[in-house]
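Okay, here's what each chain looks like letter by letter:
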Amino acid sequence: MQYDESAKFYSAEDEDQDLWFLLTHTRYAIFRAREKELQRYGVSPEQVSLLFVVQALGNKATPAALSRHILRQPHTVSALVDRMARRGLVKKVKDLDRKNLVRVVITEKGQKTYELSTKRGPIHRIMGSLDAKEKKEFRVYLERLLSKARKEIGLDRDELPASEI
């Protein structure tokens, strides 16, 4: 398969580096397509990602849980939640049982924004270039890489043998 002009940077010198470079460029290009789509709704891919995880976690959506799920530093998630709260997309609610715990909940405005963002046109068009078998294989490879990366950065430490910690 032929790649665009950026492929000129790839070499046979370090195949792992070249694959990583291709992966990051592909991810960024898809991200930009999604970002362009979401601009019409006035939200970013990061904000939609957070809305998705808050929705999925329900009443377990704390800043710490969100941080773990979207693989961002706690201070980054805290700042994102604060910006989204100011825009009325989410709100922070004190936990009734544990006074020092804050839960993040989607507001009505956030729910409408989330629903608008579920169209995902560019994602479907781009991913649609793979057939069902290719998607299944691609998922297996990405899950393997993600699992290894999570261990490398210290997530999922309980799954590491003691010699690797």
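As a reminder, the structure under discussion sits directly above these lines.
Definitions and cut-offs
- Chains are numbered independently. Their residues run from 1 in the order of the written sequence.
- Where local features are concerned, this predicted model is filtered to residues with pLDDT of at least 70; where side-chain atom pairs are given and counted, the filter is 80 or more; whole-chain, interface and lining totals use all residues.
- Working from all heavy atoms in the structure, the side-chain values ignore hydrogens and water.
- Under the scheme used here, helices are H or I runs from DSSP no shorter than 4 residues and strands are E runs no shorter than 2 residues, and both carry numbers assigned from the N terminus.
- Accessibility here uses a 1.4 Å probe with only protein chains present; expressed as a share of the type maximum, an area under 20% marks a residue as buried, one over 50% as exposed, and anything in between as partly exposed.
- By definition in these notes, contact holds between two residues if any of their heavy atoms fall within 4.5 Å.
- Accessibility throughout is a Shrake-Rupley quantity obtained with a 1.4 Å probe, and a residue counts as covered only by protein chains that appear here.
- Residues with no salt bridge and a relative accessible area higher than 30% make up the patches, which join like charges within 9 Å and nonpolar side chains (Val, Leu, Ile, Met, Phe, Trp, Tyr) within 5 Å.
- What makes a salt bridge here is a side-chain nitrogen of Lys or Arg within 4 Å of a carboxyl oxygen of Asp or Glu, nothing more.
- Neither His nor the chain ends is counted toward charge; the positive residues are Lys and Arg and the negative residues Asp and Glu.
- Note that the charge is assigned to NZ on lysines, CZ on arginines, CG on aspartates and CD on glutamates.
- In protein, a polar contact requires one atom able to donate a hydrogen and another able to accept it; more generally it is a pair of N or O atoms within 3.5 Å, and residues adjacent in sequence count only if both atoms are side-chain atoms.

Caption draft 1: The overall build of the protein, seen in detail. The helix and strand tally for the protein stands at 7 helices and 2 strands. Traced from its N-terminal end to its C-terminal end, the protein shows the element sequence α-α-α-α-β-β-α-α-α. Residue burial in the protein is summarised as follows: out of 165 residues, 27% are buried. Contacts in the protein between residues at least 24 apart in sequence constitute 45% of all its contacts with a sequence separation of at least 6. Here the protein displays about 12,200 Å² of accessible surface, and carbon together with sulfur accounts for 55% of that area.

Caption draft 2: Highlighting a negative patch on the surface. Residues Glu13, Asp14, Glu15 and Asp16 make up a contiguous surface patch of negative charge. Note on placement: Asp14 falls in the segment before α1 (15-38).

Caption draft 3: How the structure looks around the environment of Arg83. Relative to the assigned elements, Arg83 resides in helix α4 (residues 74-86). For Arg83, a relative accessible area of 40% gives the class partly exposed. Separated by 36 residues in sequence, Arg83 and Gln47 place their C-alpha atoms 9.3 Å apart.

Caption draft 4: Here's a closer look at the side chain of Gln47. With respect to the helices and strands, Gln47 occurs in helix α2 (residues 45-57). Judged by its relative accessible area of 9%, Gln47 falls in the buried class. At 3.0 Å, the side chain of Gln47 forms a polar contact with the backbone nitrogen of Ser44. Contacts of Gln47, omitting those with residues within four sequence positions, involve Gly42, Leu80, Met84 and Arg87.

Caption draft 5: How the structure looks around unusual backbone geometry. A positive phi angle is found at Leu71, which is not glycine, with a value near 55°. Mapping Leu71 onto the fold places it in the loop between α3 (63-70) and α4.

The quantities given are spatial measurements derived from coordinates; they are silent on function.
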